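If you want the building blocks of each chain, they are given just below.
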Amino acid sequence: MRYAPLIRVSTEGQKEKGESLRTQKEQITQYVKSLGGEIPEICWQYSGQEHATPEYERQLLEKLLSDSAKDKFDAVIVADTSRWSRDNQKSKEGLNVLRSHGIKFFVGTMEYDLFNPEHSFILGMSAEIGEFQARQQSLKSIINRINRAKRNIPTSGKLPYGRTFDPEKGWGLDPEKVKIIQTAAKRYLEGMPIPEVGKLAGMNFTNLWKILNHRSGTEWQCRFRNERLNVDETVTLKIPRLLDDETIQAIKEKGAANKTYTHGEIKHRYLLSRMIFCKACNYTLVGQTNKNGNQYYRHPRHRKYECELKNWVSAPKIENAVLEAIFEMFGDQERIEQAIRRATPDLNKVQAMLDEVEDLKKQKQDIIKQRNNLVDMAADGTLSKDEIKLRITPIRESLKAIDERLEYLELQLKDQPSPADINKKSKLARGVIVDALKRPGAKTVQKLMDGPWEKKRKILERAFAGKDRQGNRLGVYVIQTGDKDRPFKFEIRAVLEQIIELIEEKGVEGSFVRY
């Protein structure tokens, strides 16, 4: 009788070490010898590494079942029932295939009659027990890994790029890899395409982009999922950073800009391409050049949502007006601060809340000291239990009240700029123009207005990089007024996250004027 041995181990490590495979092979060779059979050389192909967990694919078993109809062997033999299957459903399906082709089944030297209900029951029970053990082990394993991750210990996949972990010292950084990422970030922000940055870094640019955007901060999310066990949990580990938050945000904003207005070749150049929108429906207006060479911005055709913006907006007029407003606004730090203050309901109120937060934090520290002193007195036996209870109650109530008030104030201040924020933002905004002009002034501004298209485009890309607090892209938002003499007005949302200038068109053939 020709026997086909099914010899399997669960992990790659077991396969490489080979001990379990060798043991099973020796056992089955002895079993077949004592049964007076033989193992054809071709039948050793059903040996190797496969998961024992029920839901995993089993190529070795599938190959064996497929070959059972090709007259390559007369019987299948395994060292023990767990090597056959730990999934009762798969076990039944496989045994039905063997039964239909007249293939016998052996566990060791014992033959199991596949037509005997008692033997089928024993094999089924063995598979059920194996499945239970495998699933129980999988559940314990994934729970242990989740708990270790919650203790900030890596338990899932490779370590994030540039980080190291020592069981005794904890997390650390690889200086060489940190330098690679910091250099790559600098090159990308300077305008080098990410594929070229990846080549210089010696990395796949897709992986580099993932690191720059999602793996260069202080958080690493690990997802533990097993649908069969109904487990799906994500744990966030704290890890050393590769880049500061400001650089990461700049990378994200530049990436968003690349998706909207810095990619692709354009037949006709439009200064506000992918930066100009309809305020009514947020559709991006597209450039259009007529047969006379005149350029306009218009709504895309066949759009899903119709709105009131029907006419075309003259491209040169709106482009010049936007540039003039940007230069004038961003070149004047005092006006920038005024614009932010106008958008802030009550700056004095904001400052008062900030002062209150500082006072509450100091008050909280004093009360915590009182609590610690009370603990020391209790430990020394200076106070009785009743005295401790009497004194600790007002301390706890005070701390609770302070925490509740701090939480309220922090929510109120979350989206409100402080005086320091205003000053910082105004300097950053002025930098958009200063960087381009170096020495801003009326003559220089006019020279730039008449200068190269690329220079003006670069300034606008920097001014409109990112989104506002509502998640809308920064740019120029056009509004149709319904007035024949003054059909359009528009607002500019730039890096200050405010409407910094309102401009309207004075007649179809007129020019844009500020009001």
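Residues numbered from 1 in each chain as written. Predicted model: local features only at pLDDT ≥ 70, side-chain atom pairs only at ≥ 80, totals over all residues. Heavy atoms only, no water.

## Quick look at the sheet that holds strand E1 (residues 3-5)
Using the following cut-off: Here the rule is simple: two strands pair whenever DSSP picks up at least two bridges between them. Segments assigned H or I by DSSP are reported as helices when at least four residues long, segments assigned E as strands when at least two residues long, and all are numbered from the N terminus. A fitted line through C-alpha atoms serves as each axis, taken over the contacting stretch for helices, and the angle formed by two N-to-C directions is quoted from 0 to 180°.
Across the sheet, which stays open at both edges, the 4 strands sit in the order E1-E4-E5-E6 with mixed pairing between neighbours. The sheet is open, and its two borders are formed by E1 and strand E6 (110-112), each paired with just one other strand. Across the sheet, the mean angle from the axis of one strand to that of its neighbour is 30°, orientation sign disregarded. In the sheet, strand E4 (residues 75-78) pairs with strand E5 (residues 104-107) via 4 bridges, with the strands oriented parallel. For Ile 77, the partnering residue across the bridge sits in E5 and is Phe 106.

## Focus: the environment of Gln 363
The following threshold applies: Exposure categories follow from relative accessible area, calculated using a 1.4 Å probe and restricted to protein chains: below 20% of the type maximum is buried, above 50% is exposed, and the middle band is partly exposed.
In this structure, Gln 363 sits in helix H12 (residues 347-380). Residue Gln 363 is classed as partly exposed on the basis of its relative accessible area of 40%. Sequence separation of Gln 363 and Ile 402 is 39 residues, and the distance between their C-alpha atoms is 8.4 Å.

## Thoughts on the pattern of salt bridges
Put simply, the rule is: Salt bridges are defined as contacts in which a side-chain nitrogen from Lys or Arg sits within 4 Å of a carboxyl oxygen from Asp or Glu.
With the rule as written, the count across this model stands at 15 salt bridges. Salt-bridge contacts for Asp 71 lead to Arg 2; the nearest nitrogen and oxygen are separated by 2.8 Å. Of this pair, Asp 71 sits in the loop between helix H3 (59-67) and E4 while Arg 2 sits in the segment before E1, and the two are 69 residues apart along the sequence. With a relative accessible area of 21%, Arg 2 lands in the partly exposed category.

## With respect to the packing of aromatic side chains
Counted only if it meets this: We call Phe, Tyr and Trp rings a pair once their centres come within 6.5 Å, taking the six-membered ring for Trp, and we label the pair stacked below 30 degrees between planes, edge-to-face above 60, and tilted otherwise.
In this structure the tally under the stated criterion is 9 aromatic pairs. Taking the centre distance of 6.2 Å and the plane angle of 85° together, the rings of Trp 171 and Trp 220 count as edge-to-face. Within this pair, whereas Trp 171 is found in strand E8 (residues 170-173), its partner Trp 220 is found in strand E9 (residues 219-226), the two being separated by 49 residues in sequence. We classify Trp 171 as buried; its relative accessible area is 17%. One aromatic cluster is present, formed by Phe 165, Trp 171 and Trp 220 through successive ring pairs.

## Considerations on the nonpolar core
Formally: Here, nonpolar core refers to any group of buried Ala, Val, Leu, Ile, Met, Phe, Trp, Tyr and Cys residues whose side-chain atoms link them within 4.5 Å. The contact criterion used is simple: two residues touch if any of their non-hydrogen atoms lie within 4.5 Å.
Residues Leu 64, Phe 73, Trp 84, Leu 98 and Phe 105 are the most contacted members of the largest nonpolar core, which totals 30 residues. Elements with a contribution of two residues or more to this core: E1, strand E2 (7-9), helix H2 (19-35), H3, E4, helix H4 (88-100) and E5. Looking at this core element by element, the count peaks at 4 residues for E4. Look past the residues within four positions of Leu 64 in its chain and what remains in contact with it is Ala 4, Leu 6, Tyr 46, Phe 73, Val 76 and Leu 98.

## With respect to the state of the cysteines
Stated precisely, the cut-off is as follows: A pair of sulfur atoms, both from cysteines and within 2.5 Å, is called a disulfide here.
Counted by the stated rule, this structure contains 0 disulfides. No disulfide involves Cys 281; its sulfur sits 3.7 Å from that of Cys 278, the nearest cysteine.

## A look at the packing of helix H6 (residues 175-189) against helix H8 (residues 205-214)
When two helices pack together, you describe them by how their axes are tilted relative to each other and by the distance separating the axes. The following threshold applies: Here is the rule for angles: anything less than 35 degrees is roughly parallel, anything more than 145 is roughly antiparallel, 65 through 115 is roughly perpendicular, and the remaining ranges are oblique. Residues are grouped as follows: nonpolar covers Ala, Val, Leu, Ile, Met, Phe, Trp, Tyr, Cys and Pro; charged covers Asp, Glu, Lys and Arg; every other residue, Gly included, is treated as polar.
At their nearest, the axes of H6 and H8 sit 11 Å apart, and the two run at 90° to each other. In terms of orientation, H6 lies roughly perpendicular with respect to H8. Within the contact between the two elements, H6 uses Ile 181, Ala 184, Ala 185 and Tyr 188 and H8 uses Leu 208, Trp 209, Ile 211 and Leu 212. The residue makeup of the contact of H6 with H8, split by class, is 8 nonpolar, no polar and no charged.

## Overview of the sheet that holds strand E14 (residues 313-314)
Pairing in this open sheet of 3 strands is antiparallel, and the strands run E12-E13-E14 from one edge to the other. The open sheet has two free edges, formed respectively by strand E12 (286-289) and E14, since each of these has just one partner strand. Bridge count between strand E13 (residues 295-298) and E14: 2 bridges; the pairing is antiparallel. By the bridge assignment, Tyr 296 is partnered in E14 with Ser 314.

## Focus: helix H7 (residues 194-201)
Every α-helical turn comprises 3.6 residues, leaving residues that sit three or four positions apart pointing alike. Rules: As used here, the arc is the angular range of directions from the helix axis to the C-beta atoms.
Looking only at H7, the buried set comprises Ile 194, Val 197, Gly 198 and Ala 201. Down the axis of H7, the smallest arc covering the buried residues is 100°, so these residues share one side. Seen from the open side of H7, the exposed residues pointing more than 90 degrees away from its buried face are Lys 199 and Leu 200. Those residues of H7 that are buried lie in contact with H6 and H8.

## A short note on the pairing of strand E15 (residues 475-480)
Of all 6 residues that make up E15, 5 are buried, and the element is covered over most of its length. Relative to E15, strand E11 (residues 276-278) is paired through 3 bridges, and the arrangement is parallel. Along E15, the bridge assignment pairs Cys 278 with Val 478.

## Here's the deal with the packing of H7 against H8
Where H7 meets H8, the axes come as close as 8 Å, and the angle between the chain directions of the two elements is 100°. It follows from the interaxial angle that H7 and H8 lie roughly perpendicular. For the pair H7 and H8, contact is made by Ile 194, Pro 195, Val 197 and Gly 198 and by Phe 205, Leu 208, Trp 209 and Leu 212, respectively. The residue inventory of the contact of H7 with H8, partitioned by class, reads 7 nonpolar, 1 polar and no charged.

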